[in-house]
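Listed below are the residues making up each chain.
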Amino acid sequence: MTRHDDHHRGVGLARPGKVKEVTSLTNPIVKDLRSLAIKKFRDQQGVFLAEGLKLVIDALDLGWTIKTLVYSKAGKGNSLVEQVAARTIAKGGDVLEVSEKIVAAITRRDNPQMVVGVFEQKLQPLAAIRPTGNEVYVALDRVRDPGNLGTIIRTADAVGAKAIILIGDATDPFSLETVRATMGSVFAMPLVRATEAEFLSWRKNFQGLVVGTHLKGAVDYRTIPYANKPVILLMGNEQQGLPDQLASACDKLARIPQEGRADSLNLAIATGVMLFEIRRDALKLDGGN
Ligand code: SAM
């Protein structure tokens, strides 16, 4: 079998139904898993890596498809790891027991987690997004920074937003760095990819409020009535902000007032400030305090 075939077949070389022990960094399965740090190989196989036992358990509970479970020797005999391994095998996935060195190589970390899962990527089509009620969605124009995207996915999850729409040439939501920054929210937050033209055409049929954020926005973000309608929050690219075509498709262009020397806020921070304002009335502490 050629290396090319390996990639098409995916990281599924261990025989289902048993745990395969792998000790060498040069083992082809390990090479295949290490290649998943690169977008091209993630996309070829349609998979991504998620680190940590809790994350893997949450992902399985949410119905994500696991292809391979990798755990280091430290996980041997751990009843939770064994349960996850059994669930993986029951779903037709492979289980690998490896050295900590191999987990470190796969995840490119010095102190790796005990468990890593290889999951199938999942994106929703834009046509499936039909906002109703007072739902909130986040649309990101050409987001570049993996840490920003991960933080935004986590924050959107925390405020109960319904999906993230990635417009244009965005950083990969399934990169190691982004998935890490989501702290598991990548499994809870539907993700959509769209070109700018697709988003603009979808937007024409959207009946709610599209709020863009812009450093030249004329409206204080706290003065906009967000309640009782679906809201799309549209955020600009880190370097360039929102281009004119997207800005002019907004019902409102909001600005977060600033003081001091900074020209602008970090994209993820600005998104967080906006989301908590939009969801101000909807979010309550337990017990309604
Ligand atoms: N140089 C860019 C510009 O001129 O727009 C700066 C972009 S800023 C780092 C990235 C995004 O965060 C902006 O496009 C906007 O969506 C949002 N943002 C940052 N600070 C903001 C503020 N004070 N008010 C509204 N949006 C802001």
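A. Structural view of the sheet that holds strand 12 (residues 252-255). The strand order 8-7-6-11-9-12-10 describes an open sheet built from seven strands, whose pairing is parallel. Here the strands that pair on one side only, and so sit at the sheet edges, are strand 8 (191-194) and strand 10 (219-220). Pairing of strand 6 (residues 136-141) with strand 7 (residues 163-167), which is carried by five bridges, proceeds in the parallel orientation. Bridging across to strand 7, Leu 140 finds its partner in Leu 166.

B. Spotlight on the site of the ligand. The local shell around the ligand holds 17 residues, among which Thr 213, Gly 236, Ile 256, Gln 258 and Leu 265 are the closest. Between the ligand and Gln 258 there is a distance of 2.7 Å, counted from a nitrogen atom to a side-chain nitrogen or oxygen. Protein burial of the ligand: of its 570 Å² of free accessible surface, 85% is covered by the chains. When contributions to the shell around the ligand are tallied by element, the ones reaching two or more residues are strand 12 and helix 11 (267-278). Here the shell around the ligand is built from residues that sort into seven nonpolar, eight polar and two charged.

C. Expanded view of the side chain of Asn 148. With respect to the secondary-structure elements, Asn 148 resides in helix 7 (residues 146-159). Separated by 3.1 Å, the side chains of Asn 148 and Glu 238 make a polar contact. The residues touching Asn 148, leaving out its near neighbours within four places in the chain, are Glu 238, Asn 266, Leu 267 and Ala 268.

D. Here's a closer look at the domain arrangement of the protein. The domain architecture assigned to the protein consists of domain 1 (8-120) and domain 2 (126-278). The centre of domain 1, based on its C-alpha atoms, is set 32 Å off from the matching centre of domain 2. Between domain 1 and domain 2, the residue contacts involve 15 residues of the former and 12 residues of the latter. When the two sides are added together, the surface that domain 1 and domain 2 hide from each other amounts to roughly 1,200 Å², 67% of it contributed by carbon and sulfur.

E. Layout of the sheet that holds strand 3 (residues 66-72). As summarised here, the arrangement of the five strands in space is 1-4-3-5-2, forming an open sheet in which the pairing is mixed. Edge positions in the sheet fall to strand 1 (19-22) and strand 2 (47-51), since each of these pairs with one other strand and no more. Direction aside, neighbouring strands of the sheet carry axes that sit 20 degrees apart on average. The pairing of strand 1 with strand 4 (residues 94-98) spans four bridges and is classified as parallel. Bridging from a neighbouring strand, Glu 21 pairs with Glu 97 of strand 4. Where helix 6 (residues 100-107) meets the sheet, its contacts fall on strand 1, strand 2, strand 3, strand 4 and strand 5 (115-120), and the angle it forms with strand 3 comes to roughly 130 degrees.

Rules of the game
Residues numbered from 1 in each chain as written. Predicted model: local features only at pLDDT ≥ 70, side-chain atom pairs only at ≥ 80, totals over all residues. Heavy atoms only, no water. Pairing = 2+ DSSP bridges. Helix = DSSP H or I, 4+ residues; strand = E, 2+ residues; numbered from the N terminus. Near = heavy atom within 4 Å. Polar contact = N/O pair within 3.5 Å; in protein donor to acceptor, adjacent residues only side chain to side chain. Areas by Shrake-Rupley, 256 points an atom, 1.4 Å probe, with all protein chains shown as cover. Nonpolar A, V, L, I, M, F, W, Y, C, P; charged D, E, K, R; others polar. Contact = heavy atoms within 4.5 Å. Domains from an automatic or database assignment. Buried area = accessible area lost by both parts, 1.4 Å probe. Axes fitted to C-alpha atoms, helices over the stretch in contact; angles between N-to-C directions.

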